[in-house]
Every structure is written in C-alpha cells, then in structure tokens.
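A structural walkthrough
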Amino acid sequence: MPDTFGSTEDYLRRIGTLIRDARKHRGLTQAQLAETLGTSQSAVNRIERGQQNLSIEMLTRVSDALDSQIVSLGQPGAMHLRVHGGAKLSGSIDVKTSKNAGVALLCASLLNRGRTVLRRVARIEEVNRILEVLESMGVRYRWLNSDNDLEIVPPVQLKLDNINAAAARRTRSIIMFLGPLLHDHPSFALPYAGGCDLGTRTVEPHMIALRPFGLEVKATSGDYHATVNAPTPPSRPIVLTERGDTVTENAIMAAARIDGITIIRNASSNYMVQDLCFYLQKLGVDIEGVGTTTLKIHGQPIIDRDVDYAPAEDPIEAMSLITAAIVTESKITVTRAPIEFLEIELAVLQEMGLKYELSEEYPAANGHTRLADITVLPSVLRAPIDKIHPMPFPGLNLDNLPFFALIAACANGATLVHDWVYEKRAIYLTELDKLGARVSLMDPHRVRIEGPTHWSGAEVICPPALRPAVVILLAMLAAKGTSVLRNVNVIHRGYEQLAERLGKLGAQIEIFGDV
Ligand SMILES: CC(=O)N[C@H]1[C@@H](OP(=O)(O)OP(=O)(O)OC[C@H]2O[C@@H](n3ccc(=O)[nH]c3=O)[C@H](O)[C@@H]2O)O[C@H](CO)[C@@H](O)[C@@H]1O
Ligand SMILES: C=C(OP(=O)(O)O)C(=O)O
C-alpha cells in the first residue's frame, strides 16, 4: 500500500508510530523513555499518538535516546518500509524481465541505426539510469504502454560531449557503452562506472578484452578516455581472462559490427549474454555457440533495422520470490520463472528438503528461454552437507547466493555460504543477526549460518547492495511483530514495485518517505 504524508496531523501520527516502534525495539517503556528525555510519561504517550507538536530539537533528542534516526531531514526521496511480519503468503506472481538483460540491450541499441522496441522491460532504477545517459547523448526513447514496452531511436550523431555524468556514475553498466561506441568514435570519454558497493570490482577484464579491437583506455580524473584505431577483426581468438557477464557482452558488442569473424573463448553463457545474442541475431549479426563458452561472431559493419525484441524473465527475481515463499512457509506459485537458469538452485533446494511442483515448460517471448511455473510448498528444510558457493553459469548464480544465506537460516543445522567473488557482499549478510539469525562471519567471503531461526522484528538500514537489502526485507516478512527497513531505494535499482507485489500475495508492508 503506497502511503504518502499529507496533513500535519498525518505527519505527527506517523512520526509517533515510528517512535513507538523504535521504543519497543529498544525494549523501553513509555516511562523509561520519558525519564531519558526529561519529560512525563503522558507526554511520550501523546507524542506516540501524534497528539503533540514536535520541535526538531525534541525529535533529535528522541532519536538519540532511541539510538534510531526517527526521521531524516534533507534526504529527499529516501523511502522506507514498515513490515508487519508473520503473515502467510498465497497466490501467484509473475516474474518480470531481467535487469541485467535490460541494461545490456539498452547499450546494444546503440549499435543499431534503426528503431529498437524492447518488450516488457523491467521499469527499475538501473534501467532509468541508462536511459538518462542515452537521452543526454541524443537518443530518444518512449514507454509505449502499460506493459512497459520501450522504444529507442538513436540520433544520426551521438552527442558524446553532453553525457549525463551524474547518472552514468551511479551505474556500473555504463561500462557496456565501450563496445558499441568504439565503432564510430575515434576518441571519447566515459565517466567512471559506479553501482552497488560490493568491494573492489575492476574493469580491467573489459580493457583486456577490447584491446584487440583497437581500443585503448586511460583513466584520468573521473573519466575513462578511450581512443580507437580503426576497429579491425582481432587477429586471434579473444580469450577472456575471466568469464564475466558484462565483459563478454562488451566483447560481443565490439565484434557485432566488425566486418569479419571474431572468436571469443571463455565467454559467459549466462542469461543476459544469451538475450543479447538473440537480439543481435535479429539485427542480422551471425553468432554461433550461443549458450556455450565459445562464440563465433560474424559482424555487420552497418546495422540499420527496425527491430522488436522481448528479453526473458529474471532468474534472480524468481529466486527472490521462491525465497519469499520459503521464509514465510507459504505456498505460492512463481509464474514465468526462467527454469533454465534456476536448475542448480532448485537441485540444491531439493537436497535441502524443499518440496515444489513444476508446470510443463514453455518458451519465453524471446522464443528461446525455457520458462515454467514453480509452486513452492511449505517444507521442513535441513542444512546442505556441502558448502554453497557460486560458479559461472551453469553453476549456482552468484546473485542468488545471498538468498541461500536466508534459506540456510530457515533450515535445521549449519550451512557454510562462500562468496568467493565479491569482496564485501557476504559481510552484509550478518545484518540478518538483527532479526534473530545466527550468522558468523568466518572471513570477508564466508559466512556460517546456524538454523533454524526464530525471527523477530527489528529496525535495519538497507546495506548498500541490492541483493542483501532484499534478503533483509524477506526475513522481515517472517519476523513476528513490526520491522522497519530504511533507505530501500537500493532495492528499486533492480526490482519493480517489489513491496507492492509482495503485498498482493498477502505481505503486510507499508511504504513511507522522509519528512
Ligand atoms: C549488469 C550485469 O549483468 N551485472 C552482473 C554481472 O556484473 P559484471 O559482469 O560487471 O561482474 P564483474 O565484472 O564485477 O564480475 C563479478 C566479479 O567476479 C569476478 N570474477 C568474475 C568471473 C570470473 O571468472 N572470475 C572472477 O573472479 C570479478 O573479478 C568481479 O569481482 O555479473 C555479475 C556476476 O555474475 C553479477 O553479479 C551482476 O549482476
Ligand atoms: C551486483 C548486481 O548487479 P550490478 O552488476 O548491476 O551491480 C546484482 O544484480 O546483484
């Protein structure tokens, strides 16, 4: 239920509720809080009922006394969630198309002089950031309908000097402009890539992969300065130093307009890479080996076609929804799940005792990706015998790993979750402790989780990373009592209306903003 502030009475009532929640979480009575504030219990009572005018000075004192920022001033747009946990979920929910294919396809649309229409694009902040950057460069876009079909029309000449650096710096995906831009631009600057704070995450593999196409990049004062010698087919196969998703996509986009054959080895065969290849094939680029780690690409020097493409559904969103069912011990059906990219996850969950039913498979609108409806049934889970760790596709997806930490907290026994890739993401999982989980950080990459958990409500500020933030939200659905999750904007980077959609399944979540 979206919830906006209105009259002064509204403000006071809502602030009062926040204070009451925070006080209860600290285990204080109204009288104890009153004593710390040097006021009476009846004054605290009036404050909590929204019947007392509050000065900023008083609000600050309450915040200090409760060690909780009740309202934050000067943070326009910060959104928070209040979750009344313990409700069972029911019904079915459609998986939206993926963030990661969405951003790759937006970058790839720069390769095409014609009009690109992308169907059912996830309307998320990561997509908005790339659209802002594209628009600043002269690309026109418009949302065509309520299905989120998106039309993109490039200009005759891109205005690279006009690039929206603020938007670009907020996303890592901007790095995927290098591949498309190197074709027509002998020199250009791109702002440094940003995004979630997951620790060191270099772009060196991108530089190594694109050098054989004639691209040289110097990093100076906040920008990558790129210079390109006339792009030619690489003289040898490109061997990626790591099987990363966006680096593979960059190499594919560089190869897509090269008049000749490029071979890419150690390519990622993950879902977003496949969507990119299917889109480029529609544009006339010849790509062999889609879904494998060796790609053979025969480029088209000029691509000028009106094209219509429908990216596939998001395996990470599907995993998030499966986790919502597991943690709340509910029966829900996750429809349009890209089963092809969830098979290892489901095999591990089955070993842990999860009961689920699968529908017949059917193709996604891209005509390729296998989808199915997954009905998750309430199950008693046990910890897996072996540690859980990610691998490039077809391994367990790295972005799904945080959900396994939460699932492990619901299972009987101890589970080791090993994120060997990101330097920081596992650390954020220890925030689950605030809701009653027993998570021990073994080192920055490994957490040991002891389940099952008796979840209890708490107030948590979202960690600065998408998946850990969602994991905490999902744990709050299971936690009896009221929880508050602050600064949830990080979730909007990758999920469209997640709180509202969980609400339709029966979750009790209120959305509120800062004063
Ligand atoms: C927009 C997009 O598509 N983002 C996805 C993409 O990001 P992206 O492709 O940008 O991932 P990175 O390049 O950051 O790679 C992830 C991390 O893996 C390390 N690494 C990767 C491959 C490998 O073989 N060895 C290795 O060590 C990298 O050094 C890095 O620390 O892939 C990540 C890993 O699947 C996902 O979390 C992101 O959601
Ligand atoms: C880390 C992620 O993505 P990005 O590459 O957009 O930061 C993610 O999707 O969890």
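So, here is what we can say about the structure in this document. Being a predicted model, the structure only gives us computed values, none of them experimental.

Attention now goes to the overall build of the chain. The secondary structure content of the chain amounts to 18 helices and 23 strands. Against the globule reference of 24 Å for 515 residues, the chain gives a C-alpha radius of gyration of 24 Å, in line with a compact fold. Burial analysis of the chain (515 residues in total) assigns 49% to the buried set. Taking contacts inside the chain between residues at least 6 apart in sequence as the whole, the part at least 24 apart equals 74%.

In this section: the sheet that holds strand β22 (residues 481-486). If you walk across this open sheet you meet the 4 strands as β21-β22-β1-β23, and the pairing is mixed. Looking at strand neighbours, the two that pair on one side only are β21 (459-461) and β23 (508-513), the edges of this open sheet. Strand-to-strand, the axes of this sheet are offset by a mean angle of 20°, without reference to chain direction. Contacting β1 (79-85), β21 and β22, helix α16 (residues 466-478) crosses the sheet at an angle of about 30° to β1.

This part is about the site of ligand 2. All residues adjacent to ligand 2 are E126, R172, G195, C196, D399, L466, R467 and G494. Counted by class, the shell around ligand 2 contains 2 nonpolar, 2 polar and 4 charged residues. Taken domain by domain, the makeup of the shell around ligand 2 includes at least three residues from each of domain 2 (87-96 + 313-476) and domain 3 (99-309).

Here the focus is the site of ligand 1. Taken together, 17 residues lie near ligand 1, and N100, E242, G244, D245 and T246 sit nearest. Looking at the shell around ligand 1, the elements that each hand over two or more residues are α5 (99-108) and α10 (245-255). Residue contributions to the shell around ligand 1 peak at 3 residues, all from α10. When residues are assigned to domains, the shell around ligand 1 turns out to be shared by domain 2 (87-96 + 313-476) and domain 3 (99-309), each giving three or more.

Moving on, we come to the sheet that holds strand β5 (residues 150-153). An order of β4-β5-β3-β13 is seen for the 4 strands of this open sheet, with the pairing classed as mixed. Here the strands that pair on one side only, and so sit at the sheet edges, are β4 (140-143) and β13 (307-309). Between one strand axis and the next, the sheet turns through 15° on average, direction left out of account. As paired elements, β4 and β5 share 4 bridges and run antiparallel to each other. Paired with R142 across the strands is E151, a residue of β5.

Let us look at the packing of helix α12 (residues 315-327) against α16. Where α12 meets α16, the axes come as close as 9 Å, and the angle between the chain directions of the two elements is 25°. Classified by the interaxial angle, the pair formed by α12 and α16 is roughly parallel. In terms of crossing hand, the pair formed by α12 and α16 is right-handed. Counted together, S320, T323, A324 and V327 of α12 and V470, L474, A475, L477 and A478 of α16 form the full contact between these two elements. Residues belonging to the contact of α12 with α16 are distributed by class as follows: 7 nonpolar, 2 polar and no charged.

This next bit is on the environment of C107. Structurally, the position occupied by C107 is in helix α5. C107 sits in the buried class, given 26 other C-beta atoms within 10 Å. When the C-alpha atoms of C107 and G179 are compared, they prove to be 8.8 Å apart, with 72 residues separating the residues in sequence.

Let us look at unusual backbone geometry. The peptide bond linking F393 to P394 adopts the cis configuration, its omega dihedral lying at 10°. With omega at -5°, the peptide bond leading from G451 into P452 counts as cis. Mapped onto the secondary structure, P452 falls in the loop between β20 (446-451) and β21. The phi angle at N148 is positive, at roughly 70°, despite the residue not being glycine. Inspection of the secondary structure assignment puts N148 in the loop between β4 and β5. Judged by C-beta crowding, with 18 C-beta atoms within 10 Å, N148 ranks as partly exposed. The phi dihedral of Q497 falls on the positive side, at around 50°, and the residue is not glycine. Within the element layout of this structure, Q497 appears in the loop between α17 (489-492) and α18 (498-504).

Here we take up the nonpolar core. I252 and A475 are the most contacted members of the largest nonpolar core, which totals 157 residues. Examining the composition of this core, we find that 11 residues originate from one element, α16, more than from any other. Every residue in contact with I252, bar those within four places of it in the chain, is listed here: I264, L276, C277, L280, L295 and I297. Judged by nonpolar contacts, the second largest core, of 10 residues, contains A22, V44, I47 and A65.

This part is about the environment of Q41. The topology assignment puts Q41 in helix α3 (residues 41-48). By the C-beta count within 10 Å, which is 14 here, Q41 ends up partly exposed. The residues contacting Q41, other than those within four sequence positions of it, are Q30, A31 and A34.

Glancing now at the pairing of strand β10 (residues 261-265). Along β10, the buried face is formed by T262 and I264; none of I261, I263 and R265, which line the opposite face, is buried. Where strand β9 (residues 238-239) meets β10, 2 bridges bridge the pair, whose relative direction is parallel. Note that in β10 the partner of V239 across the bridge is R265. Following the backbone out of β9, through α10 and into the adjacent parallel β10, one traces a crossover that is right-handed. Direction of pairing for β10 relative to strand β12 (residues 294-298): antiparallel, over a ladder of 5 bridges. Its bridge partner being in β12, I261 is matched across the sheet by H298.

Scoring rules and cut-offs
- Starting afresh in each chain, residues are numbered from 1 along the sequence in its written order.
- Labels follow written order: the first chain is A, the first ligand is 1, and so on.
- Only residues with pLDDT of at least 70 get local features here, since the model is predicted, and only at 80 or more are side-chain atom pairs given and counted; chain-wide, interface and lining totals rely on the full set of residues.
- Labels follow the DSSP assignment, with helices taken as runs of H or I lasting at least four residues and strands as runs of E lasting at least two, numbered in each case from the N terminus.
- For this measure, only C-alpha atoms enter the radius of gyration; the expected value for a globule follows 2.2 Å times N^0.38, where N is the number of residues.
- Whether a residue is buried, exposed or partly exposed is read from the other C-beta atoms within 10 Å of its own C-beta, which are placed from the backbone; 20 or more gives buried, 12 or fewer gives exposed, and intermediate counts give partly exposed.
- By definition, residues are in contact whenever their C-beta atoms, placed on the basis of the backbone, come within 7 Å of each other.
- Two strands make a pair as long as DSSP finds a minimum of two bridges between them.
- An axis is simply a line fitted to the C-alpha atoms; with a helix, the fit covers only the stretch in contact. Between two such axes, the angle follows the N-to-C directions and lies from 0 to 180 degrees.
- The C-beta atom of each residue is placed using the backbone, and any residue whose C-beta lies within 6 Å of a molecule or strand is treated as near it.
- Here the nonpolar group is Ala, Val, Leu, Ile, Met, Phe, Trp, Tyr, Cys and Pro; Asp, Glu, Lys and Arg are the charged ones; every other residue, Gly included, is treated as polar.
- As annotated, the domain borders come from an automatic or database domain assignment.
- Working rule for angles: under 35 degrees goes down as roughly parallel, over 145 as roughly antiparallel, 65 to 115 as roughly perpendicular, anything else as oblique.
- Crossing handedness is defined as follows: a turn of the near helix away from the far one that is anticlockwise and smaller than a right angle gives a left-handed crossing, while the clockwise case is right-handed.
- Remark: nonpolar core denotes a set of buried Ala, Val, Leu, Ile, Met, Phe, Trp, Tyr and Cys residues whose joining runs through C-beta atoms within 7 Å.
- Every crossover in which the path from the first strand over the helix to the second runs clockwise, viewed with the strands pointing away from the viewer, is termed right-handed.

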